[in-house]
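# Observations on chain architecture
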Amino acid sequence: MRTSAVVSGALSVLLLALVATEWPPLLAFDRSVATTLHRSALAHPGFTHLNRVLTDWVWDPWTMRAVAAATVVLLCSRRAFRLALWVAVTTLVAVGLQQGMKALVGRERPEWTVPVDSARYAAFPSGHAMAATVTCGLVLWMLALHWRAEWRGWGVIAGAAVVSVLGVGWTRVYLGVHWPSDVVEGWLLGWCCVAAAVLTYRWSETRTTRAAAGNGPSGGGAPGRATGGSRPPGEDPPGGPADGLGTEGRK
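Residues numbered from 1 in each chain as written. Predicted model: local features only at pLDDT ≥ 70, side-chain atom pairs only at ≥ 80, totals over all residues. Heavy atoms only, no water.

### What to know about the overall build of the protein chain
Scanning the protein chain from terminus to terminus reveals 8 helices and 0 strands. Listing each helix as α and each strand as β along the protein chain from the N terminus yields α-α-α-α-α-α-α-α. Here the protein chain, with 251 residues, has 40% of them falling under the buried criterion. Partitioning the intrachain contacts of the protein chain with sequence separation of at least 6 by distance along the chain shows that 75% fall at a separation of at least 24. Total accessible area computed for the protein chain in this model is approximately 14,200 Å², and 65% of it derives from carbon and sulfur atoms. (Helix = DSSP H or I, 4+ residues; strand = E, 2+ residues; numbered from the N terminus. Buried < 20%, exposed > 50% of the residue type's maximum accessible area, 1.4 Å probe, protein only. Contact = heavy atoms within 4.5 Å. Areas by Shrake-Rupley, 256 points an atom, 1.4 Å probe, with all protein chains shown as cover.)

And the structure:
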């Protein structure tokens, strides 16, 4: 997970630099893909309408945030308060990063003579792609921690998450409201947020466990045989009568 966080973060920064400096090969690629898909959207109005329904309702960022909120409530009902806090904070941090980067870069959205959809605010990164990546990533993490061994529908949920993340990226470019690199940045930055959340949670759990062990008897070590230290009066050493096995009994 650490490697995943570093790689996704590094690629996100690299793509940000390329977009901010308006690297010609990237801009040419974005324009070529967006133009081709826009022509298809104009030629197939029925399929275009389906994409609008998916992007505006099924995979809308507010839908994803509602799923994240439901996850927080479910975790609280199971008294997993720390995990619920991690999900809530990660979701809010992701929204803040997304809006901050949009304001920082200020990239214009594609403009068409005959648009098939519209969107507000700056283009980079895609808020839809980032929200779907963060929410689906967090939900899969929760399932892996609490329900994977006891729930047979794990594969269905994992498949739905992958389809949602990839599908929402497709709809944003197909409908002409994002450049391809906007969507890729949303994926990268969103996954980096999820990986960072997992890593910090593991670190927090490890630190809490060590602190609890350090508050144990005898300065943090377990008494008796576990530490090899002194034993209470009357207790025999391992292999003695208290174990029920003398020297002869072990042969």
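### Examining the side chain of Thr90
Structurally, Thr90 is set in helix α5 (residues 81-105). Owing to a relative accessible area of 8%, Thr90 belongs among the buried residues under this scheme. With near-sequence residues (within four places) excluded, Thr90 lies in contact with Val134, Leu138, Cys193 and Ala197.

### What to know about the pattern of salt bridges
Taken as a whole and judged by the stated rule, the model has 4 salt bridges. In this structure, Asp117 engages Arg52 in a salt bridge whose closest nitrogen and oxygen atoms are separated by 3.5 Å. Here Arg52 lies in helix α3 (residues 45-58) and Asp117 lies in the loop between α5 and α6 (127-146), a separation of 65 residues in the sequence. Arg52 sits in the partly exposed class, given a relative accessible area of 33%. With a closest N to O distance of 3.1 Å, Arg82 and Glu205 form a salt bridge. (Salt bridge = Lys/Arg side-chain N within 4 Å of Asp/Glu carboxyl O.)

### Description of the side chain of Thr135
Its place among the elements puts Thr135 in helix α6. What Thr135 contacts, discounting residues up to four positions off in sequence, is Met64, Arg65, Val67 and Ala68.

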